[in-house]
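In case you want the letters, here they are:
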Amino acid sequence: MAKFSNLLIFLVISSVRSKHFNVKISDSVSNLNCTEVIQILKSTLSQSLEEVCHTIGHCDTTKVILELPGTWSHCTVDANSPDQSPSPAAVSDADLVVQAYGSKIETLNPRGCGVSGYQIQVPIAALTANESLNEDLTLALTNYKYGLFMENITELEIPRNNSTQQKISEKQDLLCEGRYPADVITDNNSWKQFAANNSNTTNNYTQPQFVLATRAQTHHYVLVLDQSNRMEFNLRWRNIKRSLNRFIANLQEGTMISIVTCAAEGSLVLPPTVVTVANREGIHGRIPRRTEDVSVACISCGLRLAQDVLTGSAAGTVLLITGSNENDKVEDFTISGGKLFSILYPGLYSSAISSGAVYSIQEDTARSPVAQLNEVIIDIVSKVDNSRQLVKIHEASYQAFEFSGTFQLGTGHQDAIVTLIVENEESVEYFEVMDPSNEKNIFPKYEDGSVQVHLAGKTKPGIWSYHAKLYSDSSFAMHRMSVDVIVKYTDEAIDNHVMLSGLSLAAPVEDLSKPVAVLAKLYLGEAPVLSGHVKAFITGPDTDSEILLVDGHYPDVAKGDGIYTGYVTKFSTQPGYYTVRLAADDNNGLASVVSTETDSLGPTGTFTRFVSATSFYVSTGVPQGHDIISPSRIVDLAITEQYDPIDSVKEDNNLTATSDNLFDNETITVNLQFTSPGDDYNMGQAQSYEIRCHTSPEALSTQNFPSDGLVIPLENKPEPVGNLEVVQVPVPWIGETWYYGIVAIDNAGNRGKISNLAAVFIPLPEQPDYEDSALGHDDYNLHLRSPSWLLDTEYMYIIGGCVAGAILCVMLIVAFLIHKSRRGGKSAYIPDDDTYESGFQPTENGVNGSPHAKIADKTETESGIYSWLESLPRSEASGKAAMPAMGLNAAAARSHGLLMSAGSLPKRGNINNCEEVSNNSRPTTSTDDSISESGGEASTAVDGGSQQTVGSGAGHINPVWEDNMSQDDYASQVLARSFQYYSGATNSNSRPRGQQVYTQQHQSLPVTVMDPSVPVPVHHMASNGHYQQNQFTSPATADHFNGQYTDASRASFYRKKRHESVV
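Keep in mind the model is a prediction, meaning the values are calculated, not measured.

Chemist: Describe the packing of helix 7 (residues 236-250) against helix 10 (residues 369-384), naming the residues involved and giving the relevant values.
Modeler: Two measures define how a pair of helices packs: the angle their axes make with one another and the distance between the axes. Look at helix 7 against helix 10: their axes get within 9 Å of each other, and the N-to-C directions meet at 35°. For the crossing formed where helix 7 meets helix 10, the hand is right-handed. Contacts between helix 7 and helix 10 involve Asn239, Ile240, Ser243, Leu244, Arg246 and Phe247 from the former and Pro369, Val370, Leu373, Asn374, Ile377 and Val381 from the latter. In terms of residue class, the contact of helix 7 with helix 10 is built from eight nonpolar, three polar and one charged.

See the structure below:
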């Protein structure tokens, strides 16, 4: 596609909206008391315009045009009016409409904050019976002119620095993102220009001129056609001729038409001519068959000629069709009472046309350029002649030699035209249409590039069908063909059928960081259609997209006004015009309207509508693959009433709740509810949310939100667009109002706008009465995040029970341990002044005399011996000397309380096989077990199945536990080792070999324990205080020693053992 340069056309139309205010009285309003209605309207408008002028300081309205229905031509006004009788004229889109539907004044501002509204709707009931008419109309005019959403005119008085804490209306706060009305007005470009040109902006009000005009019954069209050779590109000229043929065929009889061509200069090829049934084909024949050989068309020449042609016409419309690409700056001129519509090929321009409505044709798309042009012309005719509407109710595309389809006609449809659009009509073998009773209409009309079937007059309601077949040798089956159905509505039928129309954007798009909205209006007569299904098909220079339009979605959040809106999400890589095509249906029977008589919803019936809306211009391109579209703004953020409604009061999006029922695990939480946004405005799925809160709404403004707001951690992932989401968020503390705001973020990092703010207030718990208490009320200033658990009796009961149970368990454990220790202490004597860790001790009687002695002996052997063995100090003996092993007499040992049983000790002969232990052997705390380690060879003595291993190298008697060894045998080895150890305290050199004596100083009686077969040596005290051996006695003789230990000797023995063990 070639790139086109500037096409600048500057036109000044007499009905400039910044100077003129257009009022239209609908045909639905009765002409009874029409004079009174006109008087009220004039008086109220004059007062309201003056009030707006003095309040805002913007006084630019110089003329008010009142367009009256044709039946109101007889209405006259008082003698003070400048116009005594209305004159035929055509006005541009009405700023204010007086209609029969409704009960209160409504302002439609679907384009958003700061942009002029679409229309003010004034019901006739509100105009004639409203005590506050002047105040309501002043408010509506202010909202409409400056794109505001105030609910009271006093909101204008709220200063920017709002120290009085006055609140603006919720809708103003929502749609203007918290901006005050005064700030929005001062940012308005129109107000800025007027203020700059007028030093005194408050007292320059001048009464506007009121002009009465009846609605024109006839219209004058002037076709201005670009005849340069560029129009031959892509068969443009041929397609234009085909579409204009349908345009002329659909004109109402009595309409006037003129044709102007512009090549090197402008030419009038058809002077003003009235359309009749007989001359339609002739008028079409006046269009030149081919273009001229010029590359530059003088568009300004053609427009000036069109202006001259329309001179004196009551209602003129200029239709410009061009594909020029050269700079063509047109001088300023005026089309008196006229409208300008421009149709541009190929839709790619580097700058926008500044005047009139613009439609663009996209040639590099699957949809036929002829079908596009036909639909554009239908929309133009419907906008020019409001009393006669052309409506497309069906369109389908095909690519086959033979095909068929169906469409539905409703009650009131008349003059339907079924058209087959094909490259060459000669390739069509037949095209027929069947009514609901299968009666065929077999008389089609073949025209240039089309085959038409006319269904004159009223048609049968129901499902119709068509069938088409091409010749088998036709090569045009590879081209896409389409079938469309057009019906005509007159005044009465228009009020009873659904009408779809597009709303144009206010200005070219220069900043893509701001959303580009597409708007559609769906009405049945004057009543808005609710729950309809509306889609928009957007086609740019090299892109196309499909958008679902929703009633009540941002930027027009007023649900139920019949305005459906959506956002453009895909843009071309280069600047240019974007076409907008709308399609609507009854949403599978869900579409409905509100009846003014019953004030209830009623179905609209089945319908389908197709229409082309005006195109919009985008002055910049977007690199391919670059995501510049942010998620849409969340506009319905609210605190849900999840708690007891008795304890919570919700006003709008704010919640006041008591603190008694908001605590969950000592954390105060509330639920935020909102509708999930999309990734690209209202499409897709966002990546994440960012929620912030603060006690001041100013901290959550656009400037302060990222820095001042407190971030709320959130794990929730966004749902797909349109789903209802609920997230739980904490309240930092109670006693203050907290405001919450949320922002959606997409995967490219684009951030949506800050949502509306939702507020929650949780008061402090009621404080006790301190009137009778020593602590005054002023001293009670404890602010808790949540109620203290110390004040909860249920918690106190639980804690008390746990403590009591723990104390009881401890008491039971202590009692058990005391009982166990007492039972264990009955079987052994423990001195008061020492402990013996070996686990066995001699008694005063030498041998336990109790009948249960054996049981006690066994217990001591199993517990005490092992404990003493584990805790016995290790000896680190040096040298080769070793203590001789002594044969032990078990009976003698038992007589001294040292053994519990006998019968398994070594024989006497083992004594001579041992060596003495050196005096140098000392006990040690080494962790090495010297009992089980030997430094040299080992010898074994066997006696009755028991073994005793004697270590010859290290000088130790090593006890060895065998599987068949009794506990007494093992105890014997342990005792032998103890005798070996304690004998090291004496001088071994002075003892005779073969026997060893344990001597302890300061004792009255020495002890020697030997084998039962060896006589017991008896010691006597010498004069030097030492015990000496002087004789041997038998074991029986040794019994006289029983009980000869004194307490002092035993205590000394135990103390020495413990001391050396510790060392």
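Chemist: Explain the layout of surface pockets residue by residue, including any values.
Modeler: Size it by volume and the second largest pocket reaches roughly 920 Å³. Residue lining of the second largest pocket: 33 residues in total, with Lys104, Ile105, Glu106, Thr107 and Leu108 positioned closest to the centre. The element best represented in the lining of the second largest pocket is helix 3 (residues 133-146), accounting for four residues. Residue composition of the lining of the second largest pocket, grouped by class: 13 nonpolar, 10 polar and 10 charged.

Chemist: Can you tell me about a negative patch on the surface, naming the residues and giving the values?
Modeler: A cluster of like negative charges, contributed by Glu50, Glu51, Glu135 and Asp136, occupies part of the molecular surface. If you list the elements that add at least two residues to the negative patch, you get helix 1 (34-56) and helix 3. Along the chain, Glu51 turns up in helix 1. In this structure Glu51 comes out as partly exposed when scored by relative accessible area, which is 40%.

Chemist: An account of the environment of Asp561 is needed here, citing residue identities and associated values.
Modeler: Mapped onto the secondary structure, Asp561 falls in the loop between strand 29 (544-551) and strand 30 (563-567). Residue Asp561 is classed as buried on the basis of its relative accessible area of 11%. Not counting chain neighbours up to four residues away, the residues in contact with Asp561 comprise Leu108, Tyr523, Pro528, Asp551 and Asp556. Here Ile563 takes part through its backbone nitrogen, which lies 3.0 Å from a polar atom of the side chain of Asp561.

Chemist: I'd like to hear about the side chain of His284, residue by residue, with values.
Modeler: Locating His284 in the fold gives a position in helix 8 (residues 280-285). Setting aside anything within four residues of it in sequence, one finds His284 in contact with Lys241, Leu244, Asn245 and Ile248.

Chemist: Please set out the packing of aromatic side chains residue by residue, giving values where relevant.
Modeler: Taken as a whole and assessed by the stated rule, the structure comprises 12 aromatic pairs. A ring pair is formed by Tyr578 and Phe616, whose centres lie 5.2 Å apart and whose planes are at 10°; its orientation type is stacked. Taken as a pair, Tyr578 in strand 31 (residues 576-585) and Phe616 in strand 34 (residues 608-618) lie far apart in primary sequence, 38 residues in all. Assigned by exposure class, Tyr578 and Phe616 land together as buried. Ring pairing ties together the aromatic residues Tyr398, Phe403, Phe407, Phe431, Trp464 and Tyr466, which thus form one cluster. Across the ring face of Tyr523, the terminal group of Lys521 is positioned such that the distance to the ring centre comes to 4.5 Å.

Chemist: Tell me about helix 9 (residues 299-309), residues and numbers included.
Modeler: Working note: α-helix, 3.6 residues per turn, so residues spaced by three or four point in the same direction. Residues Ile299, Ser300, Cys301, Gly302, Leu303, Ala306 and Val309 constitute the buried set of helix 9. Looking at the buried positions of helix 9, the neighbouring elements they touch are strand 9 (220-226), strand 10 (256-262), strand 11 (266-274) and strand 12 (316-322).

What counts and how
- Residues numbered from 1 in each chain as written.
- Predicted model: local features only at pLDDT ≥ 70, side-chain atom pairs only at ≥ 80, totals over all residues.
- Heavy atoms only, no water.
- Axes fitted to C-alpha atoms, helices over the stretch in contact; angles between N-to-C directions.
- Helix = DSSP H or I, 4+ residues; strand = E, 2+ residues; numbered from the N terminus.
- Left-handed = near helix turned anticlockwise from the far one by under 90°.
- Contact = heavy atoms within 4.5 Å.
- Nonpolar A, V, L, I, M, F, W, Y, C, P; charged D, E, K, R; others polar.
- 1 Å grid on protein atoms, 1.4 Å probe; cavity = no way out; pocket = protein on both sides within 12 Å on 5 of 7 lines; lining within 4 Å.
- Points joined across faces, edges and corners; volume = space filled by probe spheres on them.
- Patch = residues over 30% accessible without salt bridge, like charges linked within 9 Å, V, L, I, M, F, W, Y side chains within 5 Å.
- Areas by Shrake-Rupley, 256 points an atom, 1.4 Å probe, with all protein chains shown as cover.
- Salt bridge = Lys/Arg side-chain N within 4 Å of Asp/Glu carboxyl O.
- Lys, Arg positive; Asp, Glu negative; His and termini not counted.
- Charge placed at Lys NZ, Arg CZ, Asp CG, Glu CD.
- Buried < 20%, exposed > 50% of the residue type's maximum accessible area, 1.4 Å probe, protein only.
- Polar contact = N/O pair within 3.5 Å; in protein donor to acceptor, adjacent residues only side chain to side chain.
- Phe/Tyr/Trp six-rings, centres within 6.5 Å; stacked < 30°, edge-to-face > 60°.
- Lys NZ or Arg CZ within 6 Å of the ring centre and 35° of its normal.

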